[in-house]
Amino acid sequence: MKTILALIAPRDKIIRKKMLWGLLFAILTALSTIGLLCLSGWFITATGIAGLTIAATRVFDVFMPSAAIRFFALLRTGARYAERLVNHDATFMQSRGLRLQLFKTIAQRKSLRDLAMRPARLLHRLTGDIDSYELIYLKLIVPSIVALVAIFTIIAVLSSVHLGLGLGFGLVIFAIVIVFSCLSIKLDEKRSASLAIRRESLRTRVIALLSGQTDLVMNGCQQSFTNHVMNTEDSLATSDVSLKRRQLAIEAISAFVDKLIFVGLIITSVLLYRYVSISLPLAVLSILAALTLYDLVKPLYQGCSEIGRYILALRRLSPFVESGNTNPAKPREELPPCSYVAVANIKRASYEPQLPAVLNDIHFTVSAGEKIAFVGPNGAGKSSLISLFMTKDMIVEGKIAAIKAALLEQNTYIFRDTLHENLKLANVTASDEDMVEAMERAGLHDYLDNLKDGLYSSVGENQTGLSTGQARRFALARLFLQKRDLWLLDEPTENIDGGTARDILERMKHYGREKSWLLVTHLKREATCCDRIITLDHTRITGDYERSNENYQRVLESLREDNYDKHSM
Ligand SMILES: Nc1ncnc2c1ncn2[C@@H]1O[C@H](COP(=O)(O)OP(=O)(O)OP(=O)(O)O)[C@@H](O)[C@H]1O
């Protein structure tokens, strides 16, 4: 509850100020609407009565009231414009703050892992939930306050004409507004929340349908999955229509009740005019004051009917805000000047305090220019070990330090942007010449030459437009651009055909001959590039062999051959 309140109430002083101004402008719009109608009603009636006698026509001042009517009209237009401007600006500022907070939380290790499993969920938090969040202030908070102020103002106007009329009207209106607001909440709370959930599930399924096309076609279930998506879409549309119908029904009933009250007010005013002798212009003024009320209260009913969606959005966003104070992964601290480029003295390392250790008793040093291959069965801890030289992303007992390193992972993400922007990620200060050189060194000169816009050509999301081999070479170009003396290489040529793999390895050997390598591998062709092999099993080092050691050859022989070569030979 505390977090939900913190989400609604802006912490930023400027936003708070803007919201307050926005609210004042919204109230001013409502008050000027009431003023405009009251005065118009009074003026039309008073002019009509004055027109009955010549003497009255002479003394009746038409200028002041008409000027006041014009004033209210201008005030209403100006206040409405200012209200939209200020309120929307304030809500955008607030939701921008929330988006930043979300990104900060998402950038943390734990959230990243959760979200990597459910990217559609992240998409929905950043779009659907934030959209609903933006509307809470605009569609619920502002209309509620404006409706309250309008009701009290109209009660005050009617009471000034006749106290009993004002109080009676107030009682009836309060009862009606409470009944219709509660009715809107009660009837639609669950439905509007379930609509939001269905929208998310539709998005998730559409994303799954698009990204899993190949597997669906191969397994012959593309049609059934498509039908599944269509059914979700149909049920979403049905719920949407039924929600809109309900909202319309409530609107129609409340409009009908409003008209009944209006008729009641006309009859009461006529009776008061007749028997209590209030003036006719004042009687018309009170009727027209009440006429404004429905339009000022209607937005409140609409906001109430969407309350389920708002509460759901607040509930789903609040965990991101709660956990927003921890820090994202930090880079590993640099090794102080010494004869090594990396040192590991790890007693124990794990991803979370409560999770089992993924590394135990790991001790080794890396000299400048040394190339070490880490081999071992799946899950032994090889990738976790080399990633430790890059970030402080794990809980480590012991010491681990290294000079600044560059990482080449098995899967490289290529963003939907130009090649230039994608390469800039590796080195922001790199010039176009540096980038072209890195591409050439990685063996992409032909590819680059064939592109009309060269470095400024666009690539699709996650390497669309590049073959697997080209994407690997692109990752290599990024590695070259980083100009780091320590390379962390995680299965650099896995899933690549033998010819391309050998070419990539040759290029790495040539341009990385003076670099130190920490290379994770299952392949003989990769391990053979290294002078030293460290074997790992079940989180521990089980062997450490130089090339001259006979066990080096034994371990090498146990690694996977280049199957592609065998088949193609
Ligand atoms: N981000 C993570 N969060 C929690 N546990 C993880 C994470 N990454 C890996 N692990 C766990 O750490 C252990 C070691 O994984 P790691 O990827 O380092 O093994 P590996 O030796 O590189 O395996 P492979 O050869 O299959 O790549 C595994 O049990 C794995 O489940």
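Residue positions are given per chain, counted from 1 along the sequence in the order it is written. Only residues with pLDDT of at least 70 are given local features in this predicted model, and only at 80 or more are side-chain atom pairs given and counted; all residues enter the totals for whole chains, interfaces and linings. Heavy atoms throughout the structure, all of them, feed into the side-chain values; hydrogens and water do not.

Asker: Help me understand unusual backbone geometry in this model?
Answerer: Leave glycine aside and you will find that most residues have negative phi; peptide bonds, for their part, are mostly trans. Within the chain, His538 stands out as a residue other than glycine whose phi angle is a positive 45°. Positionally, His538 belongs in the loop between β10 (532-537) and β11 (540-546). Phi at Thr539 is positive, roughly 75°, even though this residue is not glycine. Going along the chain from the N terminus, every DSSP run of H or I of four or more residues is numbered as a helix, and every run of E of two or more is numbered as a strand. As for its position among the elements, Thr539 is in the loop between β10 and β11.

Asker: Teacher, can you tell me more about a negative patch on the surface here?
Answerer: In this scheme, patches are assembled from residues that exceed 30% relative accessible area and form no salt bridge. Like charges are connected within 9 Å, while nonpolar side chains (Val, Leu, Ile, Met, Phe, Trp, Tyr) are connected within 5 Å. A 1.4 Å probe and the Shrake-Rupley method give the accessible areas. Residues count as covered only by the protein chains that appear here. Here, a salt bridge means any Lys or Arg side-chain nitrogen found within 4 Å of an Asp or Glu carboxyl oxygen. None of His or the chain ends enter the tally, which takes Lys and Arg as positive and Asp and Glu as negative. Lysine's charge is taken at NZ, arginine's at CZ, aspartate's at CG and glutamate's at CD. Together, Glu437, Glu440, Asp446 and Asp449 give the surface a local cluster of negative charge. Going through the elements one at a time, α15 (432-441) and α16 (445-449) are the ones with two or more residues in the negative patch. Working definition: with a 1.4 Å probe on protein chains only, accessible area under 20% of the residue-type maximum means buried, over 50% means exposed, and in between means partly exposed. With relative accessibility at 61%, the residue Asp449 sits in the exposed group.

Asker: How do you make sense of the nonpolar core when you look at a structure like this?
Answerer: Nonpolar side chains tend to gather and get buried jointly when the protein is soluble and globular. With 56 residues, the main nonpolar core has Leu102, Ile154, Phe169, Ile173, Val177 and Leu293 as its most contacted residues. Elements with a contribution of two residues or more to this core: α2 (13-50), α4 (63-106), α6 (119-161), α7 (163-211), α9 (222-276), α10 (280-291), α11 (293-305) and α12 (307-322). Top contributing element to this core by residue count: α6, with 16 residues. Counting 43 residues, the second-largest nonpolar core is a separate cluster that includes Ala406, Met439, Leu448 and Leu559. Joining through side-chain atoms within 4.5 Å is the link that ties buried Ala, Val, Leu, Ile, Met, Phe, Trp, Tyr and Cys residues into a set, and such a set is a nonpolar core.

Asker: I'm lost on the site of the ligand in this one. Help?
Answerer: Around the ligand, the structure places 13 residues, and the nearest of them are Asn378, Lys382, Ser383, Ser384 and His522. Side-chain polar atom of Asn378 to an oxygen atom of the ligand: 2.8 Å apart, as the coordinates give it. In this structure, an oxygen atom belonging to the ligand sits 3.1 Å away from a main-chain N or O atom of Ala380. Bound to the protein, the ligand loses 63% of the 630 Å² it would expose on its own. Counting residues per element, the shell around the ligand draws most heavily on helix α13 (residues 382-387), at three residues. Residues are grouped as follows: nonpolar covers Ala, Val, Leu, Ile, Met, Phe, Trp, Tyr, Cys and Pro; charged covers Asp, Glu, Lys and Arg; every other residue, Gly included, is treated as polar. Among the residues making up the shell around the ligand, the classes are represented as four nonpolar, six polar and three charged. Whether a residue is near a molecule or strand is decided by its heavy atoms; if any one of them lies within 4 Å of it, the residue is near. The term polar contact refers here to a pair of N or O atoms within 3.5 Å; inside protein, the definition further demands a hydrogen-donor-capable atom paired with an acceptor-capable atom, and it admits residues adjacent in sequence only when both atoms are side-chain atoms.

Asker: Can you walk me through the sheet that holds strand β9 (residues 516-520) in this structure?
Answerer: One key point about sheets: their strands pair by backbone hydrogen bonds, in either a parallel or an antiparallel sense. One open sheet holds the six strands; their spatial order is β5-β8-β9-β3-β10-β11, and the pairing between them is mixed. The two strands at the open ends of the sheet, each matched to only one other strand, are β5 (405-408) and β11. Between one strand and the next, the sheet's axes are offset by a mean angle of 15°, whatever the strand orientation. A strand pair is defined by DSSP finding two or more bridges across the two strands. One ladder, built from four bridges, connects strand β3 (residues 371-375) with β9; its direction is parallel. Axes, fitted as lines to C-alpha atoms, cover a helix only where it is in contact. Angles between the N-to-C directions of the axes lie from 0 to 180 degrees.

Asker: Any chance you could explain the sheet that holds strand β1 (residues 340-350) here in plain terms?
Answerer: Pairing is antiparallel across the open sheet formed by three strands, whose spatial order is β2-β1-β4. At either margin of the open sheet sits one strand with a lone partner, and together these are β2 (359-367) and β4 (395-402). Strand-to-strand twist of the sheet, defined as the mean angle between neighbouring strand axes without regard to direction, takes the value 5°. Here β1 pairs with β4 via eight bridges, running antiparallel. Along β4, the bridge assignment pairs Asn345 with Lys399.

Asker: Would you mind showing me how to read the layout of surface pockets here?
Answerer: Left-over empty space is what a probe sized like a water molecule reveals as it rolls over the atoms. Using a 1 Å grid laid over the protein atoms alone, points where a 1.4 Å probe fits but cannot get out form a cavity; open sets with protein on both sides within 12 Å along at least 5 of 7 lines form a pocket; any residue with an atom within 4 Å of a point counts as lining. Grid points are joined across faces, edges and corners, and a volume is the space filled by probe spheres set on the points. By volume, the second largest pocket amounts to about 570 Å³. Going through the elements one at a time, α2, α4, α6 and α11 are the ones with two or more residues in the lining of the second largest pocket. Of the residues contributing to the lining of the second largest pocket, the split by class is nine nonpolar, six polar and seven charged.

Asker: Please explain the packing of aromatic side chains as it appears in this structure.
Answerer: Here a ring pair, both rings aromatic, is described through the centre-centre distance and the interplanar angle of the planes. Only the six-membered ring of Trp is used, alongside the rings of Phe and Tyr, when aromatic pairs are assigned; centres must lie within 6.5 Å, and planes under 30 degrees apart are stacked while those over 60 apart are edge-to-face, with the rest tilted. In this structure the tally under the stated criterion is nine aromatic pairs. Judged by centre distance (5.7 Å) and plane angle (55°), the rings of Phe71 and Phe72 are tilted. Phe71 sits in the partly exposed class, given a relative accessible area of 49%. Phe72 gets classed as partly exposed once you look at its relative accessible area, which sits at 23%. One aromatic cluster in this structure is built from Phe480, Trp487, Tyr511 and Trp517.

Asker: Just to check I follow, could you spell out the packing of α9 against α10 for this structure?
Answerer: Between two packed helices, the angle of one axis relative to the other and the distance separating the axes together describe the packing. Orientation of α9 relative to α10, taken along the N-to-C sense of each, is 165°, at an axis distance of 10 Å. Overall, the two elements α9 and α10 adopt an arrangement that is roughly antiparallel. Relative to α10, α9 is oriented so that their crossing is right-handed. On α10, the residues that touch Phe262, Leu265, Ile266, Ser269 and Tyr273 of α9 are Leu280, Ala283, Ser286, Ile287, Ala290 and Leu291. Considered class by class, the residues forming the contact of α9 with α10 number nine nonpolar, two polar and no charged. Note on angle classes: values under 35 degrees are labelled roughly parallel, values over 145 roughly antiparallel, values of 65 to 115 roughly perpendicular, and the remainder oblique. Take the far helix as the reference: if the near one is turned anticlockwise from it by less than a right angle, the crossing is left-handed, and if turned clockwise, right-handed. Any two residues whose heavy atoms approach within 4.5 Å are treated as being in contact.

Asker: Would you take a moment to explain α7 for this structure?
Answerer: In an α-helix, one full turn covers 3.6 residues, which means residues spaced three or four apart are oriented alike. One fewer than the residue count of a helix, multiplied by 1.5 Å, yields its expected span. With 49 residues, α7 extends 69 Å between its outermost C-alpha atoms, agreeing within 8% with the 72 Å of an ideal straight helix rising 1.5 Å per residue. Here the bend at a residue is taken as the angle between two axes, fitted respectively to the seven residues that end there and the seven that start there. At Asp188, α7 shows its maximal bend, which comes to roughly 50°.

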